[in-house]
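In case you want the letters, here they are:
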Amino acid sequence: MLKDLVQKNRSYRRFHQDKPITEETLLELVELARLSPSARNAQPLKYFISTDQASNDKIFPHLSWAGYLKEWAGPVKGEQPSAYIVVLNDTEISSNYFCDDGIATQSILLGAVEKELGGCIIGSLNRLQLLRELQLPSHLKIVHVIALGHPKEEVKLEEMKENDHRYWRDVQETHHVPKRALNDIIVK
Ligand SMILES: Cc1cc2nc3c(=O)[nH]c(=O)nc-3n(C[C@H](O)[C@H](O)[C@H](O)COP(=O)(O)O)c2cc1C
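Caption draft 1: Inspection of the domain arrangement of the chain at higher detail. Segmentation of the chain into domains returns domain 1 (2-153) and domain 2 (156-188). Between the C-alpha centres of domain 1 and domain 2 there is a distance of 24 Å. Contact residues are listed per partner, giving ten residues for domain 1 and nine residues for domain 2. Summed over both sides, the interface between domain 1 and domain 2 buries roughly 930 Å², with carbon and sulfur atoms accounting for 54% of that surface. The largest contributions to the domain 1 side of the interface with domain 2 come from Arg 10, Tyr 68 and Leu 69, which together make up 57% of the buried area. For the pair domain 1 and domain 2, the number of links is two salt bridges. Our count for the contact surface shared by domain 1 and domain 2 stands at five residue pairs in polar contact (both at pLDDT 80 or more). A per-class count over the side of domain 1 that touches domain 2 returns four nonpolar, two polar and four charged.

Caption draft 2: Representation of unusual backbone geometry. You will see that Arg 40, though not glycine, has its phi angle at about 60°, which is positive. Look at Asn 163: it is not a glycine, yet its phi comes out positive at around 65°. Tracing the sequence through the fold places Asn 163 in the loop between strand E5 (155-159) and strand E6 (168-169).

Caption draft 3: Spotlight on the packing of aromatic side chains. Throughout the structure, instances matching the rule amount to two aromatic pairs. Looking at Arg 13, its charged tip hangs above the ring of Tyr 167, at a distance of 4.9 Å from the centre. Lying across the ring of Trp 72, Arg 169 places its NZ or CZ 4.2 Å from the centre.

Caption draft 4: Looking closely at the sheet that holds E5. The strand order E5-E7-E6 describes an open sheet built from three strands, whose pairing is mixed. Of all strands in the sheet, those with a lone pairing partner are E5 and E6, marking the two edges. Note that E5 and strand E7 (residues 175-179) share five bridges and pair parallel. Residue pairing for E7: Lys 156 is matched across the bridge by His 176.

Caption draft 5: Structural view of the sheet that holds strand E3 (residues 118-122). Read from one edge to the other, the open sheet built from four strands follows the order E1-E2-E4-E3, with strand pairing classed as antiparallel. Where the open sheet ends on each side, the last strands, each with one partner, are strand E1 (45-50) and E3. Each neighbouring strand pair of the sheet contributes to a mean axis angle of 25°, computed without reference to strand direction. When E1 meets strand E2 (residues 83-90), the two strands line up antiparallel, connected through six bridges. Paired with Ser 50 across the bridge in E2 is Tyr 84. In this fold helix H2 (residues 23-34) packs onto E1, E2 and strand E4 (140-149), with an angle of close to 165° to the strand it touches most, E1. Packed onto the sheet, helix H4 (residues 100-114) meets E1, E2, E3 and E4 and runs at close to 20° relative to E4.

So, how was this worked out
- The residue numbering used here restarts from 1 in each chain and proceeds along that chain's sequence as written.
- This being a predicted model, a pLDDT of at least 70 is required before a residue's local features are given, and a value of 80 or more before pairs of side-chain atoms are given or counted; all residues contribute to the totals for chains, interfaces and linings.
- Side-chain calculation: all heavy atoms of the structure are included, whereas hydrogens and water are not.
- Start and end points for every domain follow an automatic or database-based domain assignment.
- By definition, residues are in contact when any of their heavy atoms lie within 4.5 Å.
- Two parts placed together each lose some accessible area under a 1.4 Å probe, and adding up what both lose gives the buried area.
- Each salt bridge in this description consists of a side-chain nitrogen of Lys or Arg and a carboxyl oxygen of Asp or Glu lying within 4 Å of one another.
- Pairing of N or O atoms within 3.5 Å defines a polar contact, subject to two protein rules: one partner must be a possible hydrogen donor and the other a possible acceptor, and residues neighboring in sequence count only if both atoms are side-chain atoms.
- Only Asp, Glu, Lys and Arg are considered charged in this grouping, and only Ala, Val, Leu, Ile, Met, Phe, Trp, Tyr, Cys and Pro are considered nonpolar; every other residue, Gly among them, is considered polar.
- By the criteria applied, helices consist of DSSP H or I runs no shorter than four residues and strands consist of E runs no shorter than two, each listed in order from the N terminus.
- Only Phe, Tyr and Trp rings are paired, with Trp represented by its six-membered ring, and only when their centres lie within 6.5 Å; those with planes under 30 degrees apart are stacked, over 60 edge-to-face, the remainder tilted.
- Criterion for a charge above a ring: Arg CZ or Lys NZ at most 6 Å from the ring centre, at most 35 degrees from the ring normal.
- Any two strands are treated as partners once DSSP identifies two or more bridges connecting them.
- A fitted line through C-alpha atoms serves as each axis, taken over the contacting stretch for helices, and the angle formed by two N-to-C directions is quoted from 0 to 180°.

What follows is the structure, given as structure tokens:
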């Protein structure tokens, strides 16, 4: 059921780094993005894929992880993502991608979950440095990065209390994510 996939599609930030993800798998995921809706059908998004360790190591240092977990600097070696999809805006097509990026990214992440993988959207990153690192042409702008791997952590959804939307990690290292109740997001 779609709801099961959506529910399982949490932001995962620790992975079994020793379990690789093939380029073929990433191409299958980008195919889901390709089939997704696009404003004006302009399709101005492109994708840089990374599956090997050398390329992954170029991407990782430019990413910021879990801003609310102040004590945690991000996944340690051995728990880092096995692959990345860098979502790019091809400004030669159009600089306005409306909300195409979110739709495409959710398609990719749902596809990943269906394959027993998991990921995290990284919007907080040093775009300029990463662009330089990847040596991409200047008409391509980085929208965000999708980190992917075989999840090594449990993520639980919680009822939001007192409007506190910050996620937290408990002593067992389970990650908890508060969500607003259905009643609280329906406007009457
Ligand atoms: C546009 C966007 C940007 C995000 N950027 C980051 C990020 O830079 N680093 C990070 O660790 N998580 C990032 N996240 C993940 C959110 O923190 C996560 O979606 C939120 O805590 C809810 O958890 P859930 O995805 O499991 O529902 C981002 C999510 C979205 C939608």
